[in-house]
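# Architecture and fold: a report
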Amino acid sequence: MESENSDSVISVVYDHVVRAVMNVVRNAAEHTPKGSVINITVTYSDGELAFTVEDSGSGFTPEGLAHGTEQFFMDDSSRTGGSHYGIGLFFAKKVAEEHGGKIVLANSNETSGAKVEISFTSQ
């Protein structure tokens, strides 16, 4: 990605970054009640590309905030089906880190649901 106002370039493994961001968006969609809001914000500043996803679900539990990006972690109170294996946010974290970024889990002040920011930086 190149910015019109900067010489910064972010080189990424396209399929990995798309899958990582979609994992975050998919989680938000699965935990947001029908007819509720999901906010997706994309920012680029100082060589960092960030996607922030906020849902209107019940948010992260304290355990989810502490362990949500660990491999195979599943916050049982938030799971409604048998198709989850606890690798979505773990994968997203690994991809962000491989691209010089990070993933931050929080609860949204705006929507009262979960808030996940995943970022990638120029290297």
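Placed above this text is the structure.
This report concerns the structure included in the present document. Just so you know, these numbers come straight off a predicted model, no measurement behind them.

### Focus: the sheet that holds strand E1 (residues 39-45)
With antiparallel pairing, four strands are arranged side by side in an open sheet as E1-E2-E4-E3. The open sheet has two edge strands with one neighbour each: E1 and strand E3 (103-107). Each strand of the sheet is rotated relative to its neighbour by a mean of 15°, with strand direction disregarded. Both E1 and strand E2 (residues 48-54) contribute to a ladder of seven bridges, which runs antiparallel. Considered in E2, the bridge of Asn 39 is made with Glu 54. The sheet strands contacting helix H1 (residues 14-31) are E1, E2, E3 and strand E4 (114-121), and the helix crosses E4 at an angle near 170°.

### Structural notes on a nonpolar patch on the surface
Together, Tyr 14, Val 18 and Met 22 give the surface a local cluster of nonpolar side chains, amounting to about 300 Å² of exposed area. In this structure, Val 18 sits in helix H1. Residue class for Val 18 comes out partly exposed when judged on its relative accessible area of 34%.

### Topic: the packing of H1 against helix H3 (residues 88-98)
In contact at an axis separation of 9 Å, H1 and H3 are set at 140° when each is read in the N-to-C sense. Classified by the angle their axes make, H1 and H3 are oblique. H1 and H3 meet at a crossing whose hand is left-handed. In contact with His 16, Val 17, Arg 19, Ala 20, Asn 23, Val 24 and Asn 27 of H1, H3 contributes Gly 88, Leu 89, Phe 91, Ala 92, Val 95 and Glu 98. Taken together, the residues that form the contact of H1 with H3 break down as seven nonpolar, four polar and two charged.

### Topic: the environment of Ser 45
With respect to the helices and strands, Ser 45 occurs in strand E1. Note on Ser 45: relative accessible area 44%, which makes it partly exposed. With 76 residues separating them along the chain, Ser 45 and Thr 121 place their C-alpha atoms 9.5 Å apart.

Definitions and limits used
Residues numbered from 1 in each chain as written. Predicted model: local features only at pLDDT ≥ 70, side-chain atom pairs only at ≥ 80, totals over all residues. Heavy atoms only, no water. Pairing = 2+ DSSP bridges. Helix = DSSP H or I, 4+ residues; strand = E, 2+ residues; numbered from the N terminus. Axes fitted to C-alpha atoms, helices over the stretch in contact; angles between N-to-C directions. Contact = heavy atoms within 4.5 Å. Patch = residues over 30% accessible without salt bridge, like charges linked within 9 Å, V, L, I, M, F, W, Y side chains within 5 Å. Areas by Shrake-Rupley, 256 points an atom, 1.4 Å probe, with all protein chains shown as cover. Salt bridge = Lys/Arg side-chain N within 4 Å of Asp/Glu carboxyl O. Buried < 20%, exposed > 50% of the residue type's maximum accessible area, 1.4 Å probe, protein only. Parallel < 35°, antiparallel > 145°, perpendicular 65-115°, else oblique. Left-handed = near helix turned anticlockwise from the far one by under 90°. Nonpolar A, V, L, I, M, F, W, Y, C, P; charged D, E, K, R; others polar.

The analysis is restricted to geometry; functional conclusions fall outside its scope.
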